[in-house]
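# Observations on chain architecture
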Amino acid sequence: MNQPVDSKPGRYWHALEDGRVQCDVCPRYCKLHEGQRGLCFVRARQDDQIVLTTYGRSSGFCIDPIEKKPLNHFLPGTPVLSFGTAGCNLTCKFCQNWDISKAQDFDRVQDAASPQKIAEAAVRSGCRSVAFTYNDPVIFLEYAVDVAQACRDRGIKTVAVSAGYISPEPRTEFFQHMDAANIDLKGFSEGFYKNLCSGRLAPVLETLEYLKHETNVWFEITTLLIPGENDSPAEIEAESAWVMDRLGPDVPLHFTAFHPDWKLTDRPPTPPQTLREARRIATNAGLRYVYTGNVNDPAGQTTYCHCCGAVLVGRDWYDITAWHLSADGRCTKCGTPCHGVFEAAAGRWGPRRQPVRLRALEAGLSAP
Ligand code: SF4
């Protein structure tokens, strides 16, 4: 079979004795006959090798506030050029981006975008970083790594928004090119992962420990709380205790609100009180930076000094309303460092979400 234009040889696979070829990118280890695609749909067997079929294609670009990823301790207030491709390696019934992640229609991946063009667009549009988001970048690893390298060449940082469902060897390559990550910890039981995502919890926990102990990637964790599925106080206590014990108190943890979507439409939206209670539990467990998301809760979105309790970064949705950090990231009241990647002042992007077409952006930006 000839490779389509957008196919690129994959790096992590091996041939099996029974004639199939196994993809080794994620713990699903799809075993494929010629012409078959993996569960993620974007990696396929062609000419006896595994290829990525969406290299250089995107499902759209948008300039977002970095807080929307969510990252509260990574260049607050700055704009991030965000994009995704198509497909996903988990099958979450509650997917909040299902039109992209479940896409098997390549009309979804319209914008042709070379790594260099993406980096250039980020520079010219004033973005400080590029985010791989909307669907999981693990499945388009070769493309994400090339984009990240092009970004680093231009002084642009890179952000992975991922479920962390990746095998050890590709994980090393993938994260060595990333500056920051938000890892979706979808629940804290194997049952949740099995029943709602057809995946496993253990590899995600391994990724979190790997990031903490073997990389310099700044990362934060997000858990979407779904009523009746993963929002019990016992489960939140267990998750918080694990984060405290294995990762320490300084990894920010976001509890965000679910809204009924995709195949999970029979559950109500998460009550704000559930999020506030989760934040209370995690804070009591010793975590220093715990946030609520997808609800109007300025107190739950503000960063406080863990030593003196002063407001360090005030937020109202995606607006920065207060900034009390010194140029080297310390509390201006008591001098205690706040963990994260900060500059002397907050960015001024605000809450805007600005969709962009790369071609139009290029044309407009190259105009005199
Ligand atoms: S990346 Fe895709 S093809 Fe590879 S193992 Fe995971 S789901 Fe299967």
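Look a little higher up for the structure.
The residue numbers shown here count from 1 along each chain, following its written sequence. Where totals are concerned, whole chains, interfaces and linings use all residues; where local detail is concerned, this predicted model gives features only for residues with pLDDT of at least 70, and gives and counts side-chain atom pairs only at 80 or more. By convention in this description, side-chain values take in all heavy atoms of the structure and omit both hydrogens and water.

### Here's the deal with the overall build of the protein chain
Formally: Think of it this way: any DSSP run of H or I at least four residues long counts as a helix, any run of E at least two long counts as a strand, and we number them from the N terminus. Atoms counted for the radius of gyration: C-alpha only. Globule rule: 2.2 Å times residue count to the power 0.38. The buried label goes to any residue with under 20% of its type's maximum accessible area, the exposed label to any with over 50%, and the partly exposed label to all in between, with areas taken from a 1.4 Å probe on protein chains only. Residue contacts are defined here by distance: any two heavy atoms, one from each residue, within 4.5 Å place the two residues in contact. Only the protein chains shown count as cover for residues, and all accessible areas are computed by the Shrake-Rupley method using a 1.4 Å probe. The positive count covers Lys and Arg only, the negative count covers Asp and Glu only, and His and the chain ends enter neither. Charge placement uses NZ in Lys and CZ in Arg. For Asp and Glu, CG and CD serve respectively.
Secondary structure assignment for the protein chain yields 10 helices and 20 strands. Taken over C-alpha atoms, the radius of gyration comes to 20 Å for the protein chain, in line with the 21 Å a tight globule of 368 residues would show. Considered along the principal axes of its C-alpha atoms, the protein chain spans approximately 65 × 55 × 40 Å. In the protein chain, which comprises 368 residues, the proportion classed as buried is 56%. Contacts in the protein chain between residues at least 24 apart in sequence constitute 67% of all its contacts with a sequence separation of at least 6. Total accessible area on the protein chain stands at roughly 15000 Å², and carbon and sulfur atoms take up 50% of it. Averaging the positions of the 40 positive and the 43 negative side-chain charges in the protein chain gives two centres separated by 3 Å.

### Section: the nonpolar core
Short version of the rule: As used here, the term nonpolar core means buried Ala, Val, Leu, Ile, Met, Phe, Trp, Tyr and Cys residues forming a set that is joined through side-chain atoms within 4.5 Å.
One finds Leu 81, Phe 94, Ile 118 and Phe 175 to be the most contacted residues of the largest nonpolar core, which totals 87 residues. The leading source of residues in this core is helix H3 (residues 141-153), at 8 residues. Ignoring any residue separated from it by four or fewer positions in sequence, one finds Phe 175 in contact with Ala 160, Ala 181, Ile 183, Thr 207, Tyr 210, Leu 211 and Val 217.

### Looking at the site of the ligand
So the rule is basically this: A single heavy atom is enough: if one lies within 4 Å of a molecule or strand, its residue is considered near that molecule or strand. Each cavity reported here is a set of points on a 1 Å grid over the protein atoms alone in which a 1.4 Å probe fits but cannot get out, each pocket an open set with protein on both sides within 12 Å along at least five of seven lines, and each lining residue one with an atom within 4 Å of a point. Criterion for pocket placement: a molecule counts as inside a cavity or pocket if more than half of its atoms are within 2 Å of its grid points. In this classification, the charged set is Asp, Glu, Lys and Arg, the nonpolar set is Ala, Val, Leu, Ile, Met, Phe, Trp, Tyr, Cys and Pro, and all remaining amino acids, among them Gly, are polar.
Neighbouring residues of the ligand: Cys 23, Val 25, Cys 26, Arg 28, Tyr 29, Cys 30, Gly 38, Leu 39, Cys 40, Arg 43 and Asn 89. Here the ligand occupies the largest cavity. Tallied by class, the residues present in the shell around the ligand amount to 7 nonpolar, 2 polar and 2 charged.

### Some details on the environment of Leu 224
As for its placement among the helices and strands, Leu 224 is situated in strand S14 (residues 218-225). Considered as a pair, Leu 224 and His 254 are 30 residues apart in the sequence and their alpha carbons are 8.2 Å apart. With near-sequence residues (within four places) excluded, Leu 224 lies in contact with Phe 94, Gln 96, Lys 186, Asn 230, Thr 256, Ala 257, Phe 258 and Asn 294.

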